[in-house]
Amino acid sequence: MYGEELRRRREAAGLTQEELSQRVVMSRTHIAHIEAGRRRPDVEDARRLDRELGTDGFFERFLPVLDGRKVAEHFAEALEFEGQATEIREYAPKLVPGILQTPAYAREVLSSGASPKTAEERDELLGTRLERARILDNFHSPKVWMLLDEAVLLRKIGGAQVMCEQLRHIAGLGESHRIRVHVLPFSVGYHALLEGSVSLMWFEDLPPIAYAEGLKSGRILELPSVVRECQVAYDHALGDALSHRKSLALIRSVAEDYEHEAHRLA
């Protein structure tokens with residue numbers, strides 16, 4: 001209904017999708033996806049639509065909700081895409097990706113940071129993160145490739161026991177062939193994705209996209225040339241990574257080291 005309303009207001013203003021996209025600084029494809037109900041604009045998008053179409057805040061006030069799921073605003077659109085993707089390839093430079101996180105690891109991540117959270121806020125975010133992992137319940141879709149920097153394995157989040165369980169969870173998913181996992185060892189030095197994290201997604205009825213994330217920020221990239229550049233960079237970094245088999249062996253080995261440490265401290 002939100003998309004239908006945008007189309008109705010746009011046509012009433014005598015604007016084509018291309019003309020509206022130029023006035024509100026959005027791509028024509030983005031406008032088309034919103035009108036078809038496949039995309040949710042962010043708050044700034046909605047505000048620009050309201051200003052251009054003279055709708056007195058309508059598009060901001062009635063932004064579609066995410067089924068009650070609590071996420072950072074910059075990740076909201078990426079979350080919707082993640083649920084529709086048929087294939088996901090992600091590079092993680094520092095932390096275990098959200099869909100692979102165990103409850104203990106996720107709780108530690110969400111409890112940390114510069115902005116304090118109440119227990120209720122943390123639990124809401126934790127619930128969403130664990131719900132995201134449900135996409136792995138379907139063995140066939142999406143296909144998931146995870147490219148992990150070695151730093152992800154060695155950065156101790158929540159202590160040795162939490163890390164041991166987290167790494168064994170990843171190894172279990174890899175050994176069951178639910179995901180492919182590759183580790184980029186420190187010995188590689190500089191590689192094509194070192195400057196930031198990226199998630200690549202493919203769909204049945206939409207062109208592929210990339211999602212790049214930084215501190216308190218994230219951006220959907222959909223310009224074909226830019227998405228292709230991200231895909232090429234991912235492929236180059238993947239070529240520098242350990243094989244799936246060797247990566248699983250390394251992950252298991254580091255998990256054992258954490259287990260020994262946990263026993264020493266017990």
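This structure is a prediction, so every number in the text was calculated from the model and none was measured.

Here the focus is the pattern of salt bridges. Any two side chains of opposite charge can pair, given that their charged atoms come close. A full pass over the atoms with the stated rule returns 15 salt bridges. Through salt bridges with shared partners, one network takes in Arg 7, Arg 10, Glu 11 and Glu 35.

A few words now on the layout of surface pockets. Estimates place the volume of the second largest pocket at around 700 Å³. Every residue lining the second largest pocket is counted, 33 residues in all, and those nearest its centre are His 30, Arg 39, Glu 77, Ile 220 and Glu 222. Going through the elements one at a time, α3 (28-35), α4 (43-53), α6 (76-84), β5 (209-214), β6 (217-221) and α11 (224-240) are the ones with two or more residues in the lining of the second largest pocket.

Most of strand β1 (residues 87-92) sits inside the fold, with six of its six residues counted as buried. Side chains Glu 87, Arg 89 and Tyr 91 of β1 all project onto a buried face; the interleaved residues Ile 88, Glu 90 and Ala 92 project onto the opposite face, where all are buried too. Pairing of β1 with strand β4 (residues 197-202), which is carried by five bridges, proceeds in the antiparallel orientation. Each residue of the ladder has a partner; that of Ile 88, found in β4, is Met 201.

Strands sit in the order β3-β2-β1-β4-β5-β6 across an open sheet of six strands; the sheet is mixed. The open sheet has two edge strands, β3 (179-184) and β6, and neither has a second partner. When strand polarity is set aside, the average angle formed by the axes of neighbouring strands in this sheet is 15°. Two elements, β4 and β5, share five bridges in a ladder whose sense is antiparallel. Bridge pairing links Leu 200 to Ala 210 in β5. Docked against the sheet, α11 engages β1, β2 (143-149), β3, β4, β5 and β6, running at close to 65° with respect to β2.

Definitions and cut-offs
Residues numbered from 1 in each chain as written. Predicted model: local features only at pLDDT ≥ 70, side-chain atom pairs only at ≥ 80, totals over all residues. Heavy atoms only, no water. Salt bridge = Lys/Arg side-chain N within 4 Å of Asp/Glu carboxyl O. 1 Å grid on protein atoms, 1.4 Å probe; cavity = no way out; pocket = protein on both sides within 12 Å on 5 of 7 lines; lining within 4 Å. Points joined across faces, edges and corners; volume = space filled by probe spheres on them. Helix = DSSP H or I, 4+ residues; strand = E, 2+ residues; numbered from the N terminus. Buried < 20%, exposed > 50% of the residue type's maximum accessible area, 1.4 Å probe, protein only. Pairing = 2+ DSSP bridges. Axes fitted to C-alpha atoms, helices over the stretch in contact; angles between N-to-C directions. Contact = heavy atoms within 4.5 Å.

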